2 protein chains.
Amino acid sequence: MRTISQPEAVTIDTRDDQEDLGALFAQITRRVIDAERPLLHARGLSMWEYIALSRLAIGSAPTQQALAEQMGYDKTRLIDLLDKLAVAGLVQRRPDPQDRRARIVAITPSGRARHRAVRNDIRALERELLAGFSDDEQRALRAALTRLVQAHDS
Amino acid sequence: MRTISQPEAVTIDTRDDQEDLGALFAQITRRVIDAERPLLHARGLSMWEYIALSRLAIGSAPTQQALAEQMGYDKTRLIDLLDKLAVAGLVQRRPDPQDRRARIVAITPSGRARHRAVRNDIRALERELLAGFSDDEQRALRAALTRLVQAHDS
DNA sequence: TATTGTTATACTCTATAACTATA
DNA sequence: TATAGTTATAGAGTATAACAATA
């Protein structure tokens, strides 16, 4: 591997080997996802299915479109995803009495159990990932990430 | 054999609305990339082309395969990417005298100039992204990200 | 007319296999 | 036999347009 140990830079903008923040995030994201995929697969879920269950675990979605927006997913792709989750008995779609176009999406007890199981696996992996970080460092990192996510929410 | 630290059952593990670390990283990555894409496009580069130039700005690649591995990219897709960069005069491929199968890839002065221009745009955007963070917080965040990237390099 | 859910289609990105020329 | 570069193709993932039912 590359071992270019540079002294701390004065003006980072002129250094060619200073990693872009976006590149750092992209690398970490890919590695975390690659590590999590087998855990999800072992319990019969795809990444997007897990994300959907995670959202629904917080509360039901009034419409599929709302769920798609919360997930940052495409509403047309969500259809097939929910079909599979429904067949597996992990979610339930029922028509909204107020608006018969809409379908309220809710997680089932079985879906909640599956979600918790996967989530515990994933959190164990995350603890391993952050093993070298002190509690304070972990809190600081999580706080920074949360700020970054919410910064662009406006 | 690696042991997964088990006995510490913490309170956060039972919360459904605690964001996964992976989800946080994925969200931030997507947003950063979405914000950077127009900057890259305005200067005629794709994300992967920029990544290639970033690597080559540090030093030439002895083989295309080595470059692909450094980038975390596929060697077969790299061909077309380098073709376009070469046609644009941003990189140069010359046969290795030592091994006539290999082609040494180097960035051209024009490529370096283009890379610097885009990089400055991107860094300006990153500064904007971290506007709410103090210098210490920015350093801490970057240090944490760097640690996470290198942790799995082994 | 606008919106929800849906389907079909096209497009992009990615992965795999196979070929050539060298070693 | 193995490796670097290349090509072609198949597959997954994604985006876009259009439709029926309802508001």
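Scroll up for the structure.
1. Section: the protein's contact with DNA strand D
Taken together, 17 residues form the shell around DNA strand D, and within it Arg-77 of chain A together with Gln-64, Gln-65, Arg-101 and Arg-103 of chain B come nearest. By atom count, sugar and phosphate contribute 64% of the portion of DNA strand D lying within 4 Å of the protein. Between DNA strand D and Lys-75 of chain B, the relevant distance is 3.5 Å, taken from a base nitrogen to a side-chain nitrogen or oxygen of the residue. Secondary-structure elements contributing two or more residues to the surface near DNA strand D are helix H4 (75-87) of chain A together with helix H3 (64-71) and helix H4 (75-87) of chain B. With three residues, H4 of chain B is the largest single contributor of residues to the surface near DNA strand D. Along the lines of polarity and charge, the residues of the surface near DNA strand D split into three nonpolar, five polar and nine charged.

2. Overview of the interface of chain B and chain A
Listed by partner, the interface residues are 57 residues for chain B and 57 residues for chain A. Roughly 5,500 Å² of surface becomes buried between chain B and chain A when both sides are summed, with 54% attributable to carbon and sulfur atoms. For the pair chain B and chain A, the number of links is three salt bridges. In this structure, the salt-bridge partner of Arg-147 of chain B is Glu-137 of chain A, at a minimum N-O distance of 3.4 Å.

3. Things to note about the relation of the copies chain B and chain A
Relative to chain A, chain B is turned by 180° and slid 0.0 Å along the rotation axis, the superposed coordinates differing by an RMSD of 0.1 Å. These values place the two chain copies in the arrangement generated by a two-fold rotation axis.

Conventions we followed
- Residues numbered from 1 in each chain as written.
- Chains lettered and ligands numbered in written order.
- Predicted model: local features only at pLDDT ≥ 70, side-chain atom pairs only at ≥ 80, totals over all residues.
- Heavy atoms only, no water.
- Near = heavy atom within 4 Å.
- Polar contact = N/O pair within 3.5 Å; in protein donor to acceptor, adjacent residues only side chain to side chain.
- Helix = DSSP H or I, 4+ residues; strand = E, 2+ residues; numbered from the N terminus.
- Nonpolar A, V, L, I, M, F, W, Y, C, P; charged D, E, K, R; others polar.
- Contact = heavy atoms within 4.5 Å.
- Buried area = accessible area lost by both parts, 1.4 Å probe.
- Salt bridge = Lys/Arg side-chain N within 4 Å of Asp/Glu carboxyl O.
- Least-squares fit on C-alpha atoms with pLDDT ≥ 70 in both.

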